[in-house]
Amino acid sequence: MQLIRLVGDLHTLSMADLGKLHCEFTPGDVATVVLRVAKRFEARALQAGLNLTVDAGPDLTVSWDFGRIEQLLANLLENAMRYTHAPGRVVVRWRKAGPGVRLVVEDSAPGVAPHDLAQLFVPLFRADSSRARRCGEHGSGLGLSIAQAIVTAHQGGIWAKTSDLGGLAVTVDLPLTAH
């Protein structure tokens with residue numbers, strides 16, 4: 001299963017590099033997709049001793065590829081859960097921001113060194129290999145790169161900064177209507 005997932009991740013990144021990441025934009029609600037993805041992670045968060053909360057924003061109708069947006073949110077939540085120590089917190093929120101939507105996934109300690117923040121979206125980059133070993137990390141190192149590719153395909157922006165919770169905050173700005 002890990003090999004199949006790795007091949008799929010590499011294919012996604014290759015298509016994004018070629019500017020051919022396939023997206024099917026349809027109208028839908030931000031809350032529906034965020035809550036659906038967060039629900040998939042609830043049991044895992046409890047088992048890991050983490051408090052996963054969704055800070056619900058307003059009802060917003062958008063035109064996105066919701067399969068890709070689910071993949072984006074799942075990658076961000078996977079990353080947050082993998083690197084947050086118990087008892088910790090993971091928060092997902094969205095808001096209307098200018099002409100678009102701002103999604104934020106942030107977590108509590110441990111954080112990422114400030115000098116590593118800009119490189120987090122580089123394929124295979126690991127901020128701290130010892131941290132990965134401590135957390136039992138077995139990912140491909142492609143999740144944030146794929147998240148960036150999905151955001152780019154939606155004409156949006158993504159960046160990471162230190163979270164006020166002590167960990168990492170990944171912010172995604174997306175237009176209401178991607179095409």
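The preceding data block contains the structure.
Residues numbered from 1 in each chain as written. Predicted model: local features only at pLDDT ≥ 70, side-chain atom pairs only at ≥ 80, totals over all residues. Heavy atoms only, no water.

Once that is clear, we can look at the side chain of Asp107. You can see Asp107 is positioned in strand E5 (residues 100-108). Not counting residues within four places of it along the chain, the set of residues in contact with Asp107 comprises Ala80, Thr84, Arg89, Val90, Ser163, Leu165, Gly166, Gly167 and Leu168. (Helix = DSSP H or I, 4+ residues; strand = E, 2+ residues; numbered from the N terminus. Contact = heavy atoms within 4.5 Å.)

With that out of the way, let us pick up the environment of Asn79. Turning to its location among the elements, Asn79 is positioned in helix H3 (residues 66-82). The buried category is assigned to Asn79, whose relative accessible area is 18%. The sequence separation of Asn79 and Gly143 amounts to 64 residues, and the corresponding C-alpha distance is 7.6 Å. Contact partners of Asn79, with chain neighbours within four places excluded, come to Leu144 and Leu168. (Buried < 20%, exposed > 50% of the residue type's maximum accessible area, 1.4 Å probe, protein only.)

Take the sheet that holds strand E6 (residues 157-162) next. Read across the open sheet, the 5 strands follow the order E2-E4-E5-E7-E6; overall the sheet is mixed. Looking at strand neighbours, the two that pair on one side only are strand E2 (50-55) and E6, the edges of this open sheet. Neighbour-to-neighbour, the strand axes of this sheet turn through a mean angle of 15°, independent of strand direction. Bridging between E2 and strand E4 (residues 88-97) involves 6 bridges; their strand directions are parallel. Residue pairing for E4: Leu52 is matched across the bridge by Val90. Its contacts with the sheet place helix H2 (residues 30-47) against E2, E4 and E5, and it is angled at close to 170° to E2. The sheet strands contacting helix H5 (residues 143-153) are E6 and strand E7 (166-175), and the helix crosses E6 at an angle near 140°. (Pairing = 2+ DSSP bridges. Axes fitted to C-alpha atoms, helices over the stretch in contact; angles between N-to-C directions.)

Moving on, we come to the side chain of His154. With respect to the element layout, His154 can be found in the loop between H5 and E6. Here His154 falls in the buried class, since its relative accessible area comes to 0%. At 2.9 Å, the side chain of His154 forms a polar contact with the backbone oxygen of Ile150. Contacts of His154, omitting those with residues within four sequence positions, involve Cys23, Phe25, Trp64, Asp65, Arg68, Ile69, Leu174, Pro175 and Ala178. (Polar contact = N/O pair within 3.5 Å; in protein donor to acceptor, adjacent residues only side chain to side chain.)

Further remarks concern the packing of H2 against H3. Packed helices, taken two at a time, are described by the angle between their axes plus the distance between the axes. Put simply, H2 and H3 touch, their axes get as near as 9 Å, and they point 30° apart. By the angle between their directions, the pair H2 and H3 is classed as roughly parallel. The two elements H2 and H3 meet at a crossing, and its hand is right-handed. Listed contacts from H3 to Val33, Val34, Arg36, Val37, Ala38, Arg40, Phe41, Arg44 and Ala45 of H2 are Phe66, Ile69, Glu70, Leu73, Ala74, Leu77, Glu78 and Met81. Looking at the contact of H2 with H3 residue by residue, the class counts come to 12 nonpolar, no polar and 5 charged. (Parallel < 35°, antiparallel > 145°, perpendicular 65-115°, else oblique. Left-handed = near helix turned anticlockwise from the far one by under 90°. Nonpolar A, V, L, I, M, F, W, Y, C, P; charged D, E, K, R; others polar.)

Further remarks concern the pattern of salt bridges. A complete count under the given rule lists 8 salt bridges for this structure. Among the salt bridges present, the one from Glu70 reaches Arg36, with a minimum N-O distance of 2.6 Å. Linking Glu70 in helix H3 with Arg36 in helix H2, this pair joins segments that are 34 residues apart in sequence. Here Glu70 falls in the buried class, since its relative accessible area comes to 16%. Under the relative-accessibility criterion, Arg36 is labelled partly exposed at 39%. Two residues, Arg82 and Glu78, come together in a salt bridge whose shortest N-O distance is 2.9 Å. Taken together, the residues span about one helical turn, with Arg82 and Glu78 both in helix H3 at a distance of 4 residues. Residue Glu78 is classed as partly exposed on the basis of its relative accessible area, which comes to 21%. (Salt bridge = Lys/Arg side-chain N within 4 Å of Asp/Glu carboxyl O.)

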